[in-house]
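# Descriptive structure summary
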Amino acid sequence: MDSPTSSEQLTNSSELIQTLLSKIEVLVNDDNADEAQPLLDTLNTELKQWCESSDGPSAEELELIQLRINTILVKANGAKNESSKAIIKHKKSDKAIKAYKASR
């Protein structure tokens, strides 16, 4: 079997990273961000290997990847904030119910 050329490696690395980002984005959109850690670990490893390779990504490619990561992080943080608000609201409701029951 022939070994891949440098342009094929570049395409494969880029495609793999985009696939990982897509899978992470799906998990975040489905409120399953906690399940993304293995994918994040793989993404980190692949990015590091690609950057250290002789045919690493261009500055433009890295900027696009960073933009996509930032977009995913904004969504994840928004979902986290909404979850936190819901938990606080639930705790306040529980406290109010307990106080009401104690006053009876």
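Residues numbered from 1 in each chain as written. Predicted model: local features only at pLDDT ≥ 70, side-chain atom pairs only at ≥ 80, totals over all residues. Heavy atoms only, no water.

Moving on, we come to the nonpolar core. Ile 17, Leu 21, Ile 24, Leu 43, Leu 47 and Ile 65 are the most contacted members of the largest nonpolar core, which totals 13 residues. Those elements that place two or more of their residues in this core are helix H1 (6-29), helix H2 (37-52) and helix H3 (59-103). Not counting the four nearest positions on each side in its chain, Leu 43 is found in contact with Ile 17, Leu 20, Leu 21, Ile 24 and Ile 69. (Core = buried A, V, L, I, M, F, W, Y, C linked by side-chain atoms within 4.5 Å. Buried < 20%, exposed > 50% of the residue type's maximum accessible area, 1.4 Å probe, protein only. Helix = DSSP H or I, 4+ residues; strand = E, 2+ residues; numbered from the N terminus. Contact = heavy atoms within 4.5 Å.)

Here we take up H2. Here H2 is 16 residues long and its end C-alpha atoms lie 23 Å apart, about the 22 Å a rise of 1.5 Å per residue gives. What H2 keeps buried is the set Leu 39, Leu 43, Leu 47 and Trp 50. Along H2, the residues classed as buried sweep out an arc of 70° about the axis, all on the same side. Exposed residues lying more than 90 degrees from the buried face of H2 are Pro 38, Asn 44, Lys 48 and Glu 52. (Expected span 1.5 Å × (residues − 1). Arc of directions from axis to C-beta.)

Counted under the stated rule, the structure contains two salt bridges. Salt-bridge contacts for Glu 25 lead to Arg 68; the nearest nitrogen and oxygen are separated by 3.3 Å. Of this pair, Glu 25 sits in helix H1 while Arg 68 sits in helix H3, and the two are 43 residues apart along the sequence. Across the pair Glu 25 and Lys 75 runs a salt bridge, and its minimum N-O distance is 2.9 Å. Placement of the pair is Glu 25 in helix H1 and Lys 75 in helix H3, with a sequence separation of 50 residues. (Salt bridge = Lys/Arg side-chain N within 4 Å of Asp/Glu carboxyl O.)

Moving on, we get to a positive patch on the surface. Residues Lys 91, Lys 92, Lys 95 and Lys 98 make up a contiguous surface patch of positive charge. Its place among the elements puts Lys 92 in helix H3. (Patch = residues over 30% accessible without salt bridge, like charges linked within 9 Å, V, L, I, M, F, W, Y side chains within 5 Å. Areas by Shrake-Rupley, 256 points an atom, 1.4 Å probe, with all protein chains shown as cover. Lys, Arg positive; Asp, Glu negative; His and termini not counted. Charge placed at Lys NZ, Arg CZ, Asp CG, Glu CD.)

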